Amino acid sequence: MCSLALFPPPLPSGQTTLCESNNELLSGTTNGDRLKQESSPLSLYFPRESLKLHSRTESSSKAAFLDHSETLWMRSAAAWRDGGFTGLLNEITNSHTEVPKWLSVSSGCTLALLRRVSSFHGSLFPHLTLSSEDMIAEFSQVLNWSDCVVRAFAWHPHTDKFAVALLDDSIKIYNPKSATTPTLKHRLQRSVAAVQWKPLCASALAVACQNCLLVWHVDPCSLSTRPSSGCAQVLSHPGHSPVTSIAWSPSGSLLVSASPMDTAMMVWDVAAESCVPLQRVGGGGVTFLSWSPDGSHVLASTPSALFRVWETRMWTCERWPCVKGRCQSGCWSPDGSRLLFTVQGETVIYALTFTDTAGIPTSTSKGPKAAAVVADLSETTFNTPDGDIIVGGEIQSLAWDPTGERLAVLLKGDPQAADRCAIIAVFKTRTNPIFELLPCGFVQGEPGAEPRLMQFHPNFQHGALLSVV
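Fair warning: this is a prediction, and the values are worked out from it, not measured in the lab. Position numbers for residues count from 1 along each chain, tracking the sequence in the order it is written. Restriction of local features to residues with pLDDT of at least 70 applies here, the model being predicted, together with a cutoff of 80 or more for giving and counting side-chain atom pairs; totals for whole chains, interfaces and linings are based on all residues. The basis for every side-chain value is the complete set of non-hydrogen atoms in the structure, without hydrogens or water.

Caption draft 1: Here's a closer look at empty space enclosed by the protein. Cavities and pockets are found on a 1 Å grid laid over the protein atoms alone: a cavity is a set of points where a 1.4 Å probe fits but cannot escape, a pocket is an open set with protein on both sides within 12 Å along at least five of seven lines, and a lining residue has an atom within 4 Å of such a point. Grid points are joined across faces, edges and corners, and a volume is the space filled by probe spheres set on the points. Considering all chains together, one arrives at 1 cavity of 30 Å³ or more under this definition. Estimated volume of the largest cavity: approximately 60 Å³. Only strand S14 (264-269) and strand S18 (306-311) provide two or more residues apiece to the lining of the largest cavity. Numbering goes from the N terminus for both helices and strands, where a helix is a DSSP run of H or I of at least four residues and a strand is a run of E of at least two.

Laid out in structure tokens, this is it:
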């Protein structure tokens, strides 16, 4: 089993990881060092000051208007629209001078009962008491999502363009071969948690938002820098918000979405704008999804100490309990036969193998019996010229490159400790004849920079290309 103690020490202060050559990570200190490399990495910078943030939320916009008289029915309709059944009961209870006493009293009793039930439910699943933004931040694969300028990132599976979701809820699409940078904005595009391009398609981009899913259709040949909101399909389902994770099937025919507030995983037929909820008892919601590259399985994490692995032929699932906490992150091997995952509160990487013999996937009923620990990332102290540096601890996210030769692990670190910053550990991976993780090195950015999210290029032809925000 591989551990951080086998890794080379982190880079000295002022050094930046540039690339890998001959199985070693090379570093440099200046732009001149970068120019010496065969290919200089593309770098983008988004100044926080240039982003126009929302000054007030929709729920607080009511305070910007002067009070005016409204009838009870108008206030009740507004309360139903804004707060649902609970909001309606609250409005009737507070309007005791305008409604019969029996109606006001019965509404108050019903409201108190609902709040007691809600409180009990919240004690079982504490995440239900969080606001939408706090919930997204809690379950996001992005480290410190609330404060991150770049909130989501996605390479296109077949070309060199990528989408970037920013703090101001806009999405920019970059293509090195085009001078045009389309910017996507929509009134429902709030609190973007994830973006993902549709496979086998040039133009479709799915966006996980606070209250819905958006699927943008952006013509790659268009010269428009601001596509109309009419280019976006709106997909929503009652109770399915906020959406924290999405995943396309490898064929692009289906899209799955997850919300911590909804115990059902939604399977969408985007063309028909319809969905089928896949619901199971337990878990308290769905937080993270990952579709295997061969299309045979879907990982579905929950806010509780269990996750499910769905097989997509008959849409049955296996339930996997965790000991300490919820499944935080996961990734699949390129052939879909092996799942690596991490658990909140633990410092190890687990593996599930879905094959009986090499290269022959099993059905769910003959799946793995237990998860194996394949790497230990416990805190390790390294002696460097700058003093002792502690690396290791809890894991934020995993990324496995499409060739199956490199695994990147984003370690959370400790923001309160200067010597325990977030860092990316890169492993060399081997799947045949046996699965093995070998140390490669640490990826570090410029001084003061901290990694928040990462993704491998899905179609890079010269090895593994890791993008870091």
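The structure having been displayed, the exposition proceeds.
Caption draft 2: Representation of the nonpolar core in the model. Residues Leu340, Ile349, Leu377, Leu407, Val409, Leu411 and Phe427 are the most contacted members of the largest nonpolar core, which totals 25 residues. Of all hydrophobic cores here, the second largest spans 18 residues; its members include Ala152, Ala165, Ile173 and Trp216. Buried Ala, Val, Leu, Ile, Met, Phe, Trp, Tyr and Cys residues form a nonpolar core when they are joined through side-chain atoms within 4.5 Å. Exposed residues in this analysis have more than 50% of their type's maximum accessible area, buried residues have under 20%, and partly exposed residues fall in between, with area computed by a 1.4 Å probe over protein chains only.

Caption draft 3: Seen up close, unusual backbone geometry. Across the junction of Ser241 and Pro242, the peptide omega takes the value -5 degrees, indicating a cis bond. Position of Pro242 among the secondary structure elements: in the loop between strand S11 (232-235) and strand S12 (245-248). Notably, Asn23 is not glycine yet its phi reads approximately 65 degrees, a positive angle. Mapped onto the fold, Asn23 is located in the loop between strand S2 (16-21) and strand S3 (24-28).

Caption draft 4: Quick peek at the environment of Pro10. Examined against the element boundaries, Pro10 turns out to sit in the loop between strand S1 (2-3) and S2. Residue classification places Pro10 among the buried residues on the basis of a relative accessible area of 7%. The criterion used for residue contact is that any of the two residues' heavy atoms lie within 4.5 Å. What Pro10 contacts, discounting residues up to four positions off in sequence, is Phe382, Thr384, Ile389, Val391, Phe442 and Gln444.

Caption draft 5: Main features of the sheet that holds S18. Overall, antiparallel pairing links the 4 strands, which are arranged S16-S17-S18-S19 in an open sheet. Unpaired on one side and paired on the other, strand S16 (288-291) and strand S19 (316-321) mark the two borders of the sheet. Mean inter-strand twist for the sheet, computed between neighbouring axes without regard to direction, equals 20 degrees. Bridge count for S18 against S19 is 6 bridges, and the pairing is antiparallel. Within the sheet, the bridge partner assigned to Glu311 lies in S19 and is Thr316. Note on pairing: DSSP must find at least two bridges between two strands before they are called paired. Axis definition: a line fit to C-alpha positions, over the contact stretch in the case of helices; interaxial angles, taken between N-to-C directions, run 0 to 180 degrees.

Caption draft 6: Examining the sheet that holds S14 more closely. Here 4 strands make up an open sheet; going across it, the order is S12-S13-S14-S15 and the pairing antiparallel. Every interior strand has two partners, whereas the edge strands, S12 and strand S15 (274-279), have only one. The average undirected angle you get between the axes of adjacent strands in this sheet is 20 degrees.

Caption draft 7: Examining the confidence of the model for the chain more closely. pLDDT is a per-residue confidence score from the predictor, ranging from 0 to 100. In the predicted model, the chain carries a mean pLDDT of 86, and 86% of its residues have values of at least 70. In the predicted structure, residues 55-61 sits below a pLDDT of 50 and forms 5 contacts with residues beyond four places in sequence or in another chain. For the stretch residues 357-365, pLDDT sits under 50, and the model shows 15 contacts to residues farther than four places along the chain or on other chains.

Caption draft 8: Structural context of the pattern of salt bridges. For salt bridges, the criterion is a side-chain nitrogen of Lys or Arg within 4 Å of an Asp or Glu carboxyl oxygen. Taken as a whole and assessed by the stated rule, the structure comprises 10 salt bridges. Across the pair Glu20 and Arg406 runs a salt bridge, and its minimum N-O distance is 2.6 Å. Here Arg406 lies in strand S29 (residues 406-411) and Glu20 lies in strand S2, a separation of 386 residues in the sequence. Its relative accessible area of 32% is what places Glu20 among the partly exposed residues. By relative accessible area, which is 13% here, Arg406 ends up buried. With a closest N to O distance of 2.7 Å, Arg75 and Glu98 form a salt bridge. Highlighted residues: Arg75 in helix H2 (residues 72-94) and Glu98 in the loop between H2 and helix H3 (101-124), separated in sequence by 23 residues. Connected through salt bridges with shared partners, the residues Arg75, Glu91 and Glu98 form a single ionic network.

Caption draft 9: Quick peek at the packing of aromatic side chains. Aromatic rings from Phe, Tyr and Trp, taking only the six-membered ring of Trp, are treated as a pair when their centres fall within 6.5 Å; an angle between ring planes under 30 degrees marks them as stacked, one over 60 as edge-to-face, and anything in between as tilted. Counted according to the given criterion, the structure contains 12 aromatic pairs. Both rings, one in Phe7 and one in Phe427, keep their centres 5.1 Å apart while their planes meet at 80 degrees; by these two values the pair is edge-to-face. Linking Phe7 in the loop between S1 and S2 with Phe427 in strand S30 (residues 423-430), this pair joins segments that are 420 residues apart in sequence. By relative accessible area, Phe7 is classed as buried at 5%. Relative to Phe442, the ring of Phe382 has its centre 5.7 Å away and its plane inclined at 85 degrees; by these criteria the two rings are edge-to-face. Taken as a pair, Phe382 in strand S26 (residues 380-384) and Phe442 in strand S31 (residues 436-443) lie far apart in primary sequence, 60 residues in all.

Caption draft 10: Fine view of the side chain of Ser329. Within the fold, Ser329 resides in strand S20 (residues 327-332). A distance of 3.2 Å separates a polar atom in the side chain of Ser329 from the backbone nitrogen of Leu398. Whenever a nitrogen or oxygen atom comes within 3.5 Å of another N or O atom, the pair is scored as a polar contact, on the condition that within protein one atom can donate a hydrogen and the other can accept it, and that pairs from neighbouring residues in sequence are kept only if both atoms are in side chains.

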